Amino acid sequence: MFISKRKHEPAHYMLKIESFSILSEAKTSKIESDVFEANGYKWRLDLYPNGNDEENGAGHISLYVVICDTETCSKGWEISVDVYVNGHRTRFHEKKMTWGFDKLIPLESFVESKNGYLLNDSCVFGVEVIAVPEFTQVDRCLLMTRPPAIMNTYTWTINKFSTVTEDVLYSEVFKVGKVKWKLKIYPKGHGLCIGTHLSFFLGVHDTASFPDGWKVYAKFKLRIKKHGPESDIEEEADNWFCNSANDWGFPGFILLSELNDSENGFLLNDNLKVEVEISVMGTLRYFF
């Protein structure tokens, strides 16, 4: 949390408190301002001069902006606004009618004369509420992470590989970071590689539960494990997964002739072991 300092007064509403010490000593729990209008909606300020105890704000100034008179709004309404108490962007909707600060500033700092919040025992609280145009409501935050090494790898063993008759095989669902994944293998190839290669893909699982416009980035390695001292076969990729492309990989991962050659050590007792290692992930989310 941060508090912005500005030279200009808030444009939409100011609430002046005179004799703040009396208000504080009276242990008044909450002050509701009168309703004001901004950007076609009605609002009010809720001030807790001794802190909002229900939100662990005791010993602080608690301050909130509340949207009012929403009965005329259409079902499923949602409003994105910049609230200039501290320049924060947020959304109001049917389940979120209030936004603000449980601990705006410690009371001890607020009443300290040298800090300048109180002048002759009077103070002013203000707010600006600026509606965000629709085309800017999709601002996002990209969160990049490196999954821990002990949790970023999944291994899948396909038993009796030579007897598989399915065109495509799916691994069990596994989780890396906060995303659920699955591996997909075409034993006889996919697309232009049918009959010549094994095709190998990484996919995001259960995308129907994701919000509209979701995107997940991954830098990953797909590999086929060798039985013996020789190196595994692996390919590295990085990709943005989304609704229109929820899996990505290599149609021509390995020649079937190479895979089935017993001297290469890919199949031991007719078992194929494959693996994915996800080293970097990124998720896009709304930044407010």
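Residues numbered from 1 in each chain as written. Predicted model: local features only at pLDDT ≥ 70, side-chain atom pairs only at ≥ 80, totals over all residues. Heavy atoms only, no water.

### Brief notes about the packing of aromatic side chains
This structure, assessed with the given rule, holds 16 aromatic pairs. Between Tyr 186 and Phe 201, the aromatic rings sit 5.9 Å apart at their centres with planes inclined by 80°, giving edge-to-face as the arrangement. With Tyr 186 in strand β15 (residues 179-186) and Phe 201 in strand β16 (residues 197-204), this residue pair connects regions lying 15 residues apart in the sequence. Taking the relative accessible area as the measure of exposure, Tyr 186 reaches 13% and is therefore buried. Here Phe 201 falls in the buried class, since its relative accessible area comes to 9%. Taken together, the ring pairs in this structure connect Phe 20, Phe 110, Tyr 117 and Phe 125 into an aromatic cluster. Over the aromatic face of Phe 201 sits the side chain of Lys 184, whose NZ or CZ is 5.8 Å from the ring centroid. (Phe/Tyr/Trp six-rings, centres within 6.5 Å; stacked < 30°, edge-to-face > 60°. Helix = DSSP H or I, 4+ residues; strand = E, 2+ residues; numbered from the N terminus. Buried < 20%, exposed > 50% of the residue type's maximum accessible area, 1.4 Å probe, protein only. Lys NZ or Arg CZ within 6 Å of the ring centre and 35° of its normal.)

### With respect to the pattern of salt bridges
The final tally for this structure, using the stated rule, is 14 salt bridges. A salt bridge links Asp 46 to Arg 44; the shortest N-O distance between them is 2.7 Å. Per residue, the accessibility class of Asp 46 equals that of Arg 44, and both read buried. We note a salt bridge from Glu 236 to Lys 219, for which the minimum N-O separation is 3.9 Å. Of this pair, Glu 236 sits in strand β18 (residues 233-242) while Lys 219 sits in strand β17 (residues 215-224), placing them 17 residues apart in sequence. A relative accessible area of 45% means that Glu 236 is categorised as partly exposed. Members of the salt-bridge network, linked through shared partners, are Lys 221, Arg 223, Lys 225, Asp 232, Glu 234, Glu 275 and Glu 277. (Salt bridge = Lys/Arg side-chain N within 4 Å of Asp/Glu carboxyl O.)

### Some words on the side chain of Thr 207
Relative to the elements of secondary structure, Thr 207 occurs in the loop between β16 and β17. Those residues within four positions of Thr 207 in sequence are excluded, and the remaining contacts are Trp 214, Asn 243 and Asn 246. (Contact = heavy atoms within 4.5 Å.)

### Observations regarding the pairing of β15
In summary, the side chains of a regular strand alternate between the two faces of the sheet. Buried residues dominate β15, accounting for 6 of its 8 residues. Pairing analysis gives 2 bridges linking strand β13 (residues 169-170) to β15, with the strands arranged antiparallel. In the strand pairing of β15, Tyr 170 is matched with Lys 184. In this structure, strand β14 (residues 174-176) lies alongside β15, joined through 3 bridges in antiparallel fashion. Of the residues in β15, the one forming a bridge with Phe 174 is Trp 181. Taken together, β14 and the strand that follows it, β15, pair antiparallel across an intervening segment of 2 residues, in which Gly 177 is found at a positive phi of about 65°. As paired strands, β15 and β16 are joined by 6 bridges and run antiparallel to one another. Its bridge partner lying in β16, Lys 182 is registered against Gly 203. (Pairing = 2+ DSSP bridges.)

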